Amino acid sequence: MAINYIHPDYEIVRDYDRCITCRVCERQCANGAHEYLADNDKMVCDDAKCVNCHRCVSLCPTRALKIVKSEHTFKENANWSGKAIKEVYKQATSGGVLLSSMGNPESYPVYFDKMLVNASQVTNPSIDPLREPMETKVFLGSKPQNIERNAAGKIINNLTPQLILSMPIMFSAMSYGSISYNAHESLARAAQELGIYYNTGEGGLHEDFYKYGKNTIVQVASGRFGVHKDYLNSAAAIEIKMGQGAKPGIGGHLPGTKILGEISKTRMIPEGTDAISPAPHHDIYSIEDLRQLVFSLKEATAYKKPVIVKIAAVHNVSAIASGIARSGADIIAIDGFRGGTGAAPTRIRDNVGIPIELALASVDKRLRDEGIRDSVSILCAGSIRSSADVVKAIALGADAVYIGTSALLALGCHLCRSCHTGRCNWGIATQNPELTKRLNPNIGYKRLVNLLTAWEHEIKEMMGGMGINSIESLKGNRLMLRGVGMNEKELEILGIKHAGE
């Protein structure tokens, strides 16, 4: 028998005094970690199959279960951590590339946590958002350089197509196939009720969701899955995906096991076929090529839709953004290295890209220095975890933010990082009918609405504390931020002062 070198990361602890052998845990675990032994009338566990999704813990009627981190350890070695050793064992066994889900979990600096927000005191009074108007509405798109008037002196509307958001938050790209039908429905319905937008990702748009078109952003990726004229015209905006924060410089891959039924039809590829998006677009190798696609999409939609270009945050992101601003794009979306994903090579996810905070600040500064900041709006993505992160991102120069993982958490995700297996116990990152029905979109969309309603209220409170009454006044207002525990170079790139200055 082959030796198993890998000990489970987690252990399922069962209190047999509380366990009533109801077998709920067995029925609810898609990974088969629980088993009922009829001869002994006893539940047993296979820790190796546990992904720590908490489904069994949450649904156990007697609270007989908990999941703890394994105390099994390797001999201490400052260079070779237990994680590194296990990864070598896995690749020595399989000969394959390591895959991981969700965002980068490593202990790199989170600059949002090293920034504090300024507050007003005596000389610049704060504003009470419960008694005074606070403007959270945002217009995304290219803004004209000058106001034009007709002979009668009235303003001529020379504004290009804009996305109008009730608050500076949208749901980021998550494709149908990587997440379930019910998850997509929850996002679409929440976007409609909130007056914001959700992004289809690169998997096309299910025909049932065309009715949410006024609140939909459709994506055009290198694989061109599900892209046709009706798809483009159904939405409020079009996003060209050049890169993704979780896997900069590489393409996408949805396994053929997930390309079934409606997913196959929506993506316009045969059932069972792997959906592979190449790393580069086959027709884009320069800013000039990108410009051609931007205007092809505008031409296909009669110049009625703003075009977004999404890029990963990398070391020369400001120069890339400068080129995109000149390509005719209306909005630039920058995705940081902590961005989530259904599946990515572990080495890419954990070692490629840069923090969104530094990328965002450098892009905003570059576009301002070149006098072209108003020609594009900037979207920020990559682990926006709270309303405080939203406020800080806008103060660093973003017009609005995308949220992905936060939205999935609101739907019930427990960040077990097993999305790539297709066995999501919460019905989100799966196409298994028995699992997808666990996510009720009538409940899911309401939880998303509740989350962003709460965030909007907190944003207003923080703005009021700064003495600011509109998102537009907050945008790029770095005077409202102070850094703690950062070196001079980090403060310089972010464009903020240290706390106490």
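Computed from a predicted structure; not experimentally measured.

Asker: I tried to follow the packing of helix α4 (residues 181-194) against helix α14 (residues 441-466) on my own but got confused; where do I start?
Answerer: How two helices pack is summed up by the angle between their axes together with the distance between the axes. Close contact between α4 and α14 brings their axes to 8 Å; oriented N to C, the two are set at 45 degrees. Taken together, the axes of α4 and α14 lie oblique to each other. Judged by the twist between their axes, the crossing of α4 over α14 is right-handed. In contact with N182, E185, S186, L187, R189, A190, E193 and L194 of α4, α14 contributes P441, N442, G444, Y445, K446, L448, V449, L452 and T453.

Asker: I would appreciate a short explanation of the nonpolar core in the present structure.
Answerer: It is characteristic of soluble globular proteins that their nonpolar side chains tend to be buried jointly. L163, F171 and I428 are the most contacted members of the largest nonpolar core, which has 111 residues in total. Those residues in contact with I428 that sit more than four places away from it in its chain are S178, I179, S180, A183, L408, L411, G412, C413 and L439. By size, the runner-up hydrophobic cluster in this structure holds 12 residues, among which are I12, C29, C60 and A64.

Asker: Explanation requested: the pairing of strand β21 (residues 400-403) in the structure shown.
Answerer: For a regular strand, side-chain orientation follows a simple rule: the groups alternate between the two sheet faces. Residues A400 and Y402 line one face of β21 and the alternating positions V401 and I403 line the opposite face, and both faces are buried. The pairing of strand β11 (residues 169-171) with β21 spans 3 bridges and is classified as parallel. Residue pairing for β21: M170 is matched across the bridge by Y402. Note: strand β20 (residues 377-381) against β21, 2 bridges, orientation parallel. Paired with C380 across the strands is V401, a residue of β21. In terms of handedness, the path from β20 via helix α11 (residues 387-395) over to β21 forms a crossover that is right-handed.

Asker: How do you make sense of the side chain of K241 when you look at a structure like this?
Answerer: Position of K241 among the secondary structure elements: in strand β14 (residues 237-241). Here K241 falls in the buried class, since its relative accessible area comes to 10%.

Asker: Looking at this model, I keep getting lost on the pattern of salt bridges. Mind explaining?
Answerer: When charged atoms on two side chains of opposite charge get close, those side chains can pair. This model, assessed by the stated rule, comprises 28 salt bridges. Close ionic contact of R347 with E87 constitutes a salt bridge, the shortest N to O distance being 2.9 Å. In this pair, R347 is assigned in helix α9 (residues 346-351) and E87 in helix α3 (residues 82-94), connecting sequence segments 260 residues apart. The class for R347 is partly exposed, based on a relative accessible area of 41%. With a relative accessible area of 12%, E87 lands in the buried category. For D113, the salt bridge goes to R385, with nearest N and O atoms at 2.7 Å. In this pair, D113 is assigned in the loop between β5 (99-100) and β6 (115-117) and R385 in the loop between β20 and α11, connecting sequence segments 272 residues apart. A relative accessible area of 38% places R385 in the partly exposed class.

Asker: It is not clear to me how empty space enclosed by the protein should be interpreted in this structure. Could you clarify?
Answerer: One simple way to see leftover space: roll a probe sized like a water molecule over the atoms. Enumeration over the complete set of coordinates arrives at 4 cavities of 30 Å³ or more. Put simply, the largest cavity is a space of about 110 Å³. Lining the largest cavity are 13 residues, and of these C413, C416, C419, C424 and A429 sit closest to its centre.

Asker: It is not clear to me how the layout of surface pockets should be interpreted in this structure. Could you clarify?
Answerer: Volume-wise, the largest pocket comes out at about 1700 Å³. For the largest pocket, the lining is made up of 46 residues, of which D9, Y10, K83, K86 and K90 are closest to its centre. Those elements that place two or more of their residues in the lining of the largest pocket are α3, β5 and α9. It is α3 that provides the largest number of residues to the lining of the largest pocket, a total of 8 residues. Among the residues forming the lining of the largest pocket, the class breakdown is 13 nonpolar, 21 polar and 12 charged. Size it by volume and the second largest pocket reaches roughly 930 Å³. Around the second largest pocket, the lining is made up of 50 residues, and of these Q244, G339, G340, T341 and G342 lie nearest the centre. Listing elements by their share of the lining of the second largest pocket, those giving two or more residues are β15 (252-254), β16 (275-277), β21 and α12 (405-411). It is α12 that contributes the most residues to the lining of the second largest pocket, 4 residues altogether. Across the lining of the second largest pocket, the residue classes tally to 19 nonpolar, 21 polar and 10 charged.

Asker: Before we go on, may I ask you to explain the packing of helix α8 (residues 317-325) against helix α10 (residues 356-369) in this structure?
Answerer: Between α8 and α10, the shortest axis-to-axis distance is 8 Å and the interhelical angle comes to 50 degrees. Between α8 and α10, the interaxial angle falls into the category oblique. The interaxial crossing formed by α8 with α10 has right-handed handedness. On the side of α8, the interface is formed by V317, S318, A319, A321, S322 and A325, while α10 contributes A359, S362, V363, R366 and L367. Split by residue class, the contact of α8 with α10 holds 7 nonpolar, 3 polar and 1 charged.

Asker: Would you mind going over the environment of C419 with me for this structure?
Answerer: Structurally, C419 can be placed in the loop between α12 and α13 (433-436). In sequence terms C419 and E132 are 287 residues apart; their C-alpha atoms lie 44 Å from each other. Leave out the neighbours within four places in its chain, and C419 touches S101, M102, K258, G342 and A429.

Asker: Mind showing me how you'd approach the sheet that holds strand β23 (residues 497-498) here?
Answerer: Here 3 strands make up an open sheet; going across it, the order is β6-β22-β23 and the pairing mixed. On the outer flanks of this sheet lie β6 and β23, each paired with one strand and no other. Across 3 bridges, the pairing between β6 and strand β22 (residues 481-483) is antiparallel. Its bridge partner being in β22, M115 is matched across the sheet by G483.

About the thresholds
- Residues numbered from 1 in each chain as written.
- Predicted model: local features only at pLDDT ≥ 70, side-chain atom pairs only at ≥ 80, totals over all residues.
- Heavy atoms only, no water.
- Axes fitted to C-alpha atoms, helices over the stretch in contact; angles between N-to-C directions.
- Helix = DSSP H or I, 4+ residues; strand = E, 2+ residues; numbered from the N terminus.
- Parallel < 35°, antiparallel > 145°, perpendicular 65-115°, else oblique.
- Left-handed = near helix turned anticlockwise from the far one by under 90°.
- Contact = heavy atoms within 4.5 Å.
- Core = buried A, V, L, I, M, F, W, Y, C linked by side-chain atoms within 4.5 Å.
- Buried < 20%, exposed > 50% of the residue type's maximum accessible area, 1.4 Å probe, protein only.
- Pairing = 2+ DSSP bridges.
- Right-handed = clockwise from strand over helix to strand, strands pointing away.
- Salt bridge = Lys/Arg side-chain N within 4 Å of Asp/Glu carboxyl O.
- 1 Å grid on protein atoms, 1.4 Å probe; cavity = no way out; pocket = protein on both sides within 12 Å on 5 of 7 lines; lining within 4 Å.
- Points joined across faces, edges and corners; volume = space filled by probe spheres on them.
- Nonpolar A, V, L, I, M, F, W, Y, C, P; charged D, E, K, R; others polar.

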